[in-house]
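Spelled out from the first residue to the last, the chains are:
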Amino acid sequence: MLKIEGQKISISQGDTVNLGFRLEGYSLEVDDTIRFSVKADPSEQETLIVKEFSGLEGDGFIIRLSPEETQIPAGTNYWDMTCTTAAGGHFTLNYPAPFIVREVVHND
């Protein structure tokens, strides 16, 4: 299950998750890099999920998380996303927001 409320993302542990994003006021160029990160706490060093993409163009993209990637401890974590441009610019695209992983009952 996937639930999005504003920037708060809630998922079921071990699910495949597709997150769609659209940028406002910027269009990605093929040499830009998007980085999606999830940590237990923004101040932690360890990153639980990291997805990095380049080769994207335009203002929309999808981040796909595999069941292995979402098999992290249940609880409230935090996510954010950055864009590094080919020209060397670095932009944080959102403030850290809740990324909640819910336990499931089934074993598959």
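Right above here is the structure, for reference.
Participant: Sorry if this is basic, but what is going on with the pattern of salt bridges here?
Facilitator: A full pass over the atoms with the stated rule returns four salt bridges. Where Glu 5 meets Lys 8, a salt bridge forms, and the shortest distance between an N and an O atom there is 3.6 Å. Looking at Glu 5, the relative accessible area reads 40%, which means it is partly exposed. The partner of Asp 59 in a salt bridge is Arg 22, with the nearest N and O atoms 2.7 Å apart. Within this pair, whereas Asp 59 is found in the loop between strand 5 (49-54) and strand 6 (60-65), its partner Arg 22 is found in strand 3 (residues 17-22), the two being separated by 37 residues in sequence.

Participant: Would you mind showing me how to read the packing of aromatic side chains here?
Facilitator: Think of a pair of aromatic rings as described by two things: how far the centres are apart, and how the planes are tilted against each other in angle. Taken as a whole and judged by the stated rule, the model has four aromatic pairs. Ring centres of Phe 21 and Trp 79 lie 5.7 Å apart, and the angle between their planes is 50 degrees; on these two criteria the pair is classed as tilted. Here Phe 21 is found in strand 3, whereas its partner Trp 79 is found in strand 7 (residues 75-84), with 58 residues between them in sequence. Each member of the pair, Phe 21 together with Trp 79, is buried. What links up through ring pairs into an aromatic cluster is the set Phe 21, Phe 36, Phe 61, Trp 79 and Phe 99.

Participant: I'm lost on the nonpolar core in this one. Help?
Facilitator: One broad trend across soluble globular proteins is that nonpolar side chains are buried collectively. Of all hydrophobic cores here, the largest spans 21 residues; its most connected members are Phe 21, Phe 36, Phe 61, Leu 65, Trp 79, Met 81 and Phe 99. Every element with two or more residues in this core is listed here: strand 2 (8-12), strand 3, strand 4 (33-39), strand 6, strand 7 and strand 9 (97-102). Once you skip the residues sitting within four places of it in the chain, Phe 36 turns out to touch Leu 19, Phe 21, Ile 49, Val 50, Lys 51, Ile 63, Leu 65, Trp 79, Asp 80, Met 81 and Phe 99.

About the thresholds
- Residues numbered from 1 in each chain as written.
- Predicted model: local features only at pLDDT ≥ 70, side-chain atom pairs only at ≥ 80, totals over all residues.
- Heavy atoms only, no water.
- Salt bridge = Lys/Arg side-chain N within 4 Å of Asp/Glu carboxyl O.
- Buried < 20%, exposed > 50% of the residue type's maximum accessible area, 1.4 Å probe, protein only.
- Helix = DSSP H or I, 4+ residues; strand = E, 2+ residues; numbered from the N terminus.
- Phe/Tyr/Trp six-rings, centres within 6.5 Å; stacked < 30°, edge-to-face > 60°.
- Core = buried A, V, L, I, M, F, W, Y, C linked by side-chain atoms within 4.5 Å.
- Contact = heavy atoms within 4.5 Å.

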